[in-house]
Amino acid sequence: MAEYPTPTTEQEFAANFAQIKPLMSNTEALYESSRCLFCFDAPCIKACPSGIDIPQFIRQINTGNTIGAAKTIYEANYFGNACGKVCPTEVLCEGACVYNLNDQKPIEIGRLQSHATRKVIDSGKHLFGPGPANGRKVAVIGAGPAGISCACELRALGYAVDVFEAREQPSGLTLYGVAPYKITNAEALAEMDYLEQQFGYRVHYNHRISTREELQRLEDEYDAIFLGIGLGATNALLLPGEERTNCVGAVEFIEQLRTEHQHVAVGRKVIVLGGGNTAMDAASESARLGAEDVTLAYRRGKGEMGAYGFEYDLAKGAGVKGLFNVAPVEIVGNGKVEGVRFIRTATLDGQVQIVPGSEFVEPCDMVIKATGQAKQTGFLHLIPGLQLDGKGRIVADTRTGQTSNPRYFASGDALNGGAEVVNAAAEAKQTARGIHEFLSGN
Amino acid sequence: MPDLSINFAGIKSPNPFWLASAPPTNSGYQVMKAFDAGWGGAVWKTLGVPVVNVSSRYGGVNYRDKRLIGFNNIELISDRPLADNLREIEEVKKFFPHHAVIASLMVQSRQEWHDIVRDVTNAGADGIELNFGCPHGMCERGMGSAVGQEPEVLKTIVEWVMEVARIPVIVKLTPNISDITEPARAARAGGADAISLINTIQSIVGVDLDKFAPYPIVDGQGTNGGYCGPAVKPIALNMVKNCAQDPNVRLPISGIGGIENWRDAVEHILLGASSVQVCTAAMHFGFGIIREMTAGLEQYMTEKGFQTIYDFVGKALPNVRHWEDLNLKYQVKAHIHEDKCIGCQLCYTACEDGAHQAIRLQEGTRVPAIIEQNCVGCNLCSLVCPVEQCITMERRDDATEHLTWKERTEAGTIPVTFNDDRAGGLHHWVPEPVAALGKERHKTLPGKARALGSPQEATVSAPTATDVLSAS
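Throughout, a residue's number is its position along its own chain's written sequence, starting from 1. Each chain gets a letter, beginning with A, and each ligand a number, beginning with 1, in the order they are written. With the structure being a predicted model, the display of local features is reserved for residues of pLDDT at least 70 and the display and counting of side-chain atom pairs for 80 or more, all residues being used for whole-chain, interface and lining totals. Side-chain numbers come from the whole structure's heavy atoms, not from hydrogens or water.

Draft legend 1. Structural context of the overall build of chain A. When helices and strands are counted, chain A shows 18 helices and 14 strands. The atom set for the radius of gyration is the C-alpha atoms, and the globule formula is 2.2 Å times the number of residues raised to the power 0.38. Against the 2.2 N^0.38 benchmark of 22 Å for 442 residues, chain A shows a C-alpha radius of gyration of 22 Å, consistent with a compact globule. With the C-alpha coordinates of chain A rotated into their principal frame, the extents come out at 70 × 55 × 45 Å. Here's how the labels work: a residue is buried when its accessible area is under 20% of the maximum for its type, exposed when over 50%, partly exposed in between, all with a 1.4 Å probe on protein chains only. Looking at chain A residue by residue over its 442 residues, the buried ones come to 59%. Any two residues whose heavy atoms approach within 4.5 Å at even a single point are treated as in contact. Considering only contacts within chain A whose residues lie at least 6 apart along the sequence, 71% involve residues at least 24 apart. Where helices and strands are cited, they refer to DSSP runs of H or I of at least four residues and of E of at least two residues respectively, numbered from the N terminus.

Draft legend 2. The domain arrangement of chain B, seen in detail. As annotated, the domain borders come from an automatic or database domain assignment. Looking at the assigned domains, one finds that chain B contains domain 1 (6-319) and domain 2 (323-447). Distance from the C-alpha centre of domain 1 of chain B to the C-alpha centre of domain 2 of chain B: 41 Å.

Draft legend 3. Up close: empty space enclosed by the protein. Only protein atoms enter the 1 Å grid used here. Points where a 1.4 Å probe fits but cannot escape make up a cavity, open sets with protein on both sides within 12 Å along at least five of seven lines make up a pocket, and a residue lines them when an atom lies within 4 Å of a point. Grid points are joined across faces, edges and corners, and a volume is the space filled by probe spheres set on the points. As enumerated under the stated definition, the model contains eight cavities of 30 Å³ or more in all. Within this model, the largest cavity holds a volume of roughly 580 Å³. Gly-177, Asn-277, Thr-278, Asp-281 and Glu-420 of chain A are, among the 36 residues lining the largest cavity, the residues nearest its centre. Secondary-structure elements contributing two or more residues to the lining of the largest cavity are α6 (80-86), α13 (250-260), α14 (277-288) and α15 (309-317) of chain A together with α16 (465-471) of chain B. The volume enclosed by the second largest cavity comes to roughly 470 Å³. Taken together, 36 residues make up the lining of the second largest cavity; nearest its centre are Ser-21, Ala-22, Asn-73, Asn-199 and Thr-200 of chain B. When residues of the lining of the second largest cavity are traced back to their parent elements, those giving at least two are β4 (41-47), β6 (66-73), β14 (225-228), β16 (273-278) and α9 (280-285) of chain B.

Draft legend 4. A look at the domain arrangement of chain A. Residue and element names in this part refer to chain A. The domain boundaries assigned to chain A delineate domain 1 (21-123), domain 2 (137-232 + 375-440) and domain 3 (247-369). Distance from the C-alpha centre of domain 2 to the C-alpha centre of domain 3: 31 Å. Around 1100 Å² of area is buried between domain 2 and domain 3 when both sides are counted, 43% of it from carbon and sulfur atoms. Among the residues domain 2 hides against domain 3, the three largest losses belong to Tyr-176, Pro-180 and Tyr-181. Together they make up 46% of the total. Salt bridges are defined as contacts in which a side-chain nitrogen from Lys or Arg sits within 4 Å of a carboxyl oxygen from Asp or Glu. The tally of links between domain 2 and domain 3 comes to three salt bridges. Simply put, the buried area is the total loss of 1.4 Å probe accessible area from both parts when two parts are fitted together.

Draft legend 5. Spatial organisation of the nonpolar core. Core analysis: the biggest nonpolar cluster contains 92 residues, and Trp-39, Val-171, Ile-195, Leu-197 and Phe-312 of chain B have the highest contact counts within it. For this core, the element with the most residues is helix α10 (residues 289-304) of chain B, which contributes six residues. With residues up to four places along the chain from it excluded, the contact list for Leu-197 of chain B reads Leu-173, Ile-180, Met-239, Val-240, Cys-243, Ile-253, Ser-254, Gly-255 and Ile-256 of chain B. Only buried residues count toward a nonpolar core, which is a set of Ala, Val, Leu, Ile, Met, Phe, Trp, Tyr and Cys residues joined through side-chain atoms within 4.5 Å. Phe-128, Ala-143, Phe-226 and Ile-435 of chain A belong to the second largest nonpolar core, which has 49 residues in total.

Draft legend 6. Quick peek at the sheet that holds strand β5 (residues 247-249) of chain A. Residue and element names in this part refer to chain A. Strand pairing is defined by DSSP finding a minimum of two bridges between the two strands. In space, the five strands of this open sheet follow the order β5-β13-β6-β7-β8, with parallel pairing throughout. The open sheet has two edge strands, β5 and β8 (321-324), and neither has a second partner. When strand polarity is set aside, the average angle formed by the axes of neighbouring strands in this sheet is 25°. In the sheet, strand β6 (residues 269-273) pairs with strand β7 (residues 293-298) via five bridges, with the strands oriented parallel. When the bridges of β7 are listed, Lys-269 appears paired with Asp-293. For every element, the axis is a line fit to its C-alpha atoms; helices are fit only across the contacting stretch, and the angle between N-to-C directions ranges from 0 to 180 degrees. Contacting β5 and β13 (366-369), α13 crosses the sheet at an angle of about 80° to β5.

Draft legend 7. Spotlight on the pairing of strand β1 (residues 137-141) of chain A. All names here are of chain A. Across the five residues that make up β1, a large majority, four, are buried. As judged from the five bridges shared by β1 and strand β2 (residues 160-164), these two strands associate in the parallel manner. Directly across from Val-140, in β2, lies its bridge partner Val-163. Handedness of the crossover is the feature at issue here: the chain leaves β1, passes through helix α9 (residues 145-156), returns alongside β2, and the resulting connection is right-handed. As defined by bridge partners, β1 adjoins strand β4 (residues 224-227) across four bridges and the pair is classed as parallel. If you follow Ala-139 over to β4, its bridge partner there is Ile-225. Crossover handedness is defined by viewing with both strands directed away from the observer: a clockwise path from the first strand over the helix to the second marks the crossover as right-handed.

Draft legend 8. Inspection of the environment of Val-31 of chain B at higher detail. All names here are of chain B. Residue position: Val-31 is located in helix α1 (residues 28-37). Judged by its relative accessible area of 0%, Val-31 falls in the buried class. Along the primary structure Val-31 and Val-92 are separated by 61 residues, whereas in three dimensions their C-alpha atoms are 7.4 Å apart. Excluding residues within four positions of it along the chain, Val-31 makes contact with Pro-24, Thr-25, Ala-42, Trp-44 and Val-92.

Draft legend 9. Seen up close, the sheet that holds β2 of chain A. Residue and element names in this part refer to chain A. A sheet is described by the order of its strands in space; here five strands give the open sequence β3-β2-β1-β4-β14, paired in parallel fashion. Looking at which strands have only one partner, the edges of the open sheet turn out to be β3 (202-204) and β14 (408-410). Geometrically, the sheet is characterised by an average inter-axis angle of 25° between neighbouring strands, direction not taken into account. Those strands touched by α9 are β1, β2 and β4, and its axis lies near 170° from that of β2.

Draft legend 10. Spotlight on the pattern of salt bridges. All names here are of chain A. According to the stated counting rule, one finds 43 salt bridges over all chains in the structure shown. The partner of Glu-153 in a salt bridge is Lys-429, with the nearest N and O atoms 2.9 Å apart. Placement of Glu-153 in helix α9 and of Lys-429 in helix α18 (residues 421-440) is noted, with a sequence separation of 276 residues between them. For the pair formed by Glu-153 and Lys-429, the shared burial category is buried.

Draft legend 11. Examining the packing of helix α2 (residues 26-34) of chain A against helix α4 (residues 54-62) of chain A more closely. Residue and element names in this part refer to chain A. Packing of α2 against α4 leaves a shortest axis separation of 8 Å and a crossing angle of 130°. In terms of orientation, α2 lies oblique with respect to α4. Crossing of α2 over α4 shows left-handed handedness. Across from Ala-29, Leu-30, Ser-33 and Ser-34 in α2, the residues of α4 making contact are Ile-58, Ile-61 and Asn-62. Orientation categories follow fixed angle ranges, with anything under 35 degrees roughly parallel, anything over 145 roughly antiparallel, 65 to 115 roughly perpendicular, and all other angles oblique. Put simply, a crossing is left-handed when the front helix is turned counterclockwise from the back one by less than a right angle, and right-handed when it is turned clockwise.

Draft legend 12. Molecular detail of the pairing of β2 of chain A. Residues and elements named next belong to chain A. Across the five residues of β2, four count as buried, placing the element largely inside the fold. As paired elements, β2 and β3 share three bridges and run parallel to each other. Each bridged residue has a counterpart across the sheet, and for Asp-162 the counterpart in β3 is Arg-202.

Draft legend 13. Region of the structure containing the packing of aromatic side chains. For this analysis, a ring pair means two rings from Phe, Tyr or Trp (six-membered ring only for Trp) whose centres lie within 6.5 Å, classed as stacked if their planes differ by under 30 degrees, edge-to-face if by over 60, and tilted for the remaining angles. For the structure shown, the criterion picks out 21 aromatic pairs over all chains. When the ring of Phe-13 of chain A is compared with that of Phe-17 of chain A, the centres are 4.4 Å apart and the planes differ by 20°; the resulting orientation is stacked. Classification of Phe-17 of chain A as buried rests on a relative accessible area of 3%. With a centroid separation of 6.2 Å and an interplanar angle of 65°, the aromatic rings of Trp-323 of chain B and Trp-405 of chain B are classed as edge-to-face. Separated by 82 residues along the polypeptide, Trp-323 of chain B in the loop between α10 and β17 (332-336) and Trp-405 of chain B in helix α13 (residues 405-411) bring together distant segments of the chain. Using a relative accessible area of 56% as the deciding quantity, one classes Trp-323 of chain B as exposed. Of the residues examined, Trp-405 of chain B reaches a relative accessible area of 28% and is grouped as partly exposed. Here the aromatic cluster, defined as three or more aromatic residues joined through ring pairs, consists of Tyr-74, Tyr-78, Phe-128, Tyr-194 and Phe-199 of chain A. The rule for a charge over a ring is simple: NZ of Lys or CZ of Arg within 6 Å of the ring centre, and within 35 degrees of the ring normal. Arg-288 of chain A extends its terminal NZ or CZ atom over the ring of Tyr-181 of chain A, reaching a point 4.2 Å from the ring centre.

Laid out in structure tokens, this is it:
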């Protein structure tokens, strides 16, 4: 018996994927905000990649100035609402809350943050606007957390901004890559609408920039170009049988899930390969789609997984089982996936070594590969003089985000190799300042 | 098993907990219910010529998520006919002959006082309380606090009452006066048997920021009300103490003001009260709070070995002294128990901004350190610390010396000129004013500082699990 019944309607889908950080009511927000100690030089702020003045916005919520709270949040992070929901707060702000050291529940900072920003989004209240036009234009490639954050900040500085987005809708990972129980599509899009309304940048959807000619046009028409392109498809495992039907990439699986909900077919017995947060998401999602048996297979020990502990707990809570110290050798089957041939591993001096003769086949009817995403190096090589590091990441100035091609700037996953929404939002805001510095000379 | 019963100026009650004269004692129904729940006595909602009340009568003061730490009302005395009240008093006494029913009264003329005192006595009331405290509505008509604020008038009215009173008479005092002992002495001079205090404090509990009107709002407007609830306890305790210590008062005191649990009651008793009255807490939580109050009091008395309430009435009074009698040689200093510290640094910022700059931050840890030479032992850090027993105040003098301000004054060793080198503040350092500039601005304005771009702090994001994964 599966942990979750297979959802067949939007209501059943919503029930299986119930928000783990649901919206706070006013009363809940009042009680929770009352608990904040207002620490001096607060550890939560330091733990926030976007440096939101958390005690300040919590105090504002507590005094009935929710609009002011939202302003405090957005001044530091344009993805304030999404971050409140999708951030791994357990290891960031909430993990740093001093209450943890007193065996008390940390303040629910993420939910308070979403509460305040949601109020403003729902009200449509005008908090921000574009700065006086300075006559300069910037092209932003990618309408994800990096691209949109950069666009907002540039608009505030008076730039005309065109955002080019390959997909149909904005917000990137937040809409296409985050587990549905962390944020709903409606929530992610509402924040995007709000920001677009406030700042007035133009987004060109279904407009993928992929050729040298298109880049040339941008270089001709714009004073600077911002790369917020994120990562590409799931890395190939280069294993025999990988092409079999029902052997899919986690990123692709999650994107399909976010756009098609209960219409996504999941296997009865699913094996998820990987030990990172995306693997946890894919496993948890498979279970919530009604898979009877979901196994996480990781080539090292449980304690060595890259995933946050709370993410693994969440997956276990959905009925996911762990299979550790196994490396996939082959995806077996006959046209369709019928199992994964594993070989057992042992870790010696930090190195994973296979145990000879220990092969076995774990039957399944679906394999989800959560083994990292490829960098978009093919595209990046179209940019003259753009330097990449050994892992295919864009090399840029850590303060200004300027790349080795001075008119190109970058932030987010394409630069940092894959991090949280909050990292991209924070970096891009800073990079926008770098662009301004470059174009205005101050 | 300690004995909780009292004999308050001749009024007997199974325990010292009485409901104060207020909405909870508006009817026989409520008083019966309270006695049934365990209350020892009740002071009936003030009787007189029935009033007409407004709708919208109470206002609250909330602190963060705590409701009604303060409360005010603009309700007047009983709006029910006297006959109805008298009949119900009689009925309550029939069911509860050993409980205390005290009739609160407020009328004007000598004849009215005589009549109503006889009426409530005939109805079976165990005592009378004269309401000389109500600070709103009635005082404008020459009653309530208008009487309590004029000791001579108060004395005269007490005398009128005593002319006919056959049961104990308590005078309820208003705190809306500079020296509470003046009306207390007048009550004694007039022949009263006891006093009760405090009545409510004249107040405006809040102003509606959108309607520009004080709470509670009556059709867009409001008026000053009577303030009570937990927030007024400190004021009440001080006034109870003042009356209890005054050699010219020497009357039993019924303590009122901010009592909502056994601890509050014990505090009132330790400062001289021998019965306590409760209103706001009953209005907030219902009569059921009496179970916690009696249980707590019983437990406390058992632990302290007190047989009766009278074993500890006024027990703290000898330790309440004038400032000039306190030992200037006593010295405490703050001590931070590092193992308990959670690093909120509230003590640091409190001492830095609100006290004597005697706490410093340390490299590599969020646990602050006390600068011993600058610590004046003010307690502030220990008061703001959110962790139990994390900051304690430790005695540093050897307890062999005792010198008071009074003694120093007599010995001629007090500072007397503006720049006297005997000034207390000369023995710890005070930072130079300019040292404050820019010191912590970046820490107290992090969001904005970040928004404006602080190049020196800018870095790329830290590696995450995804990084680790793709690298492995």
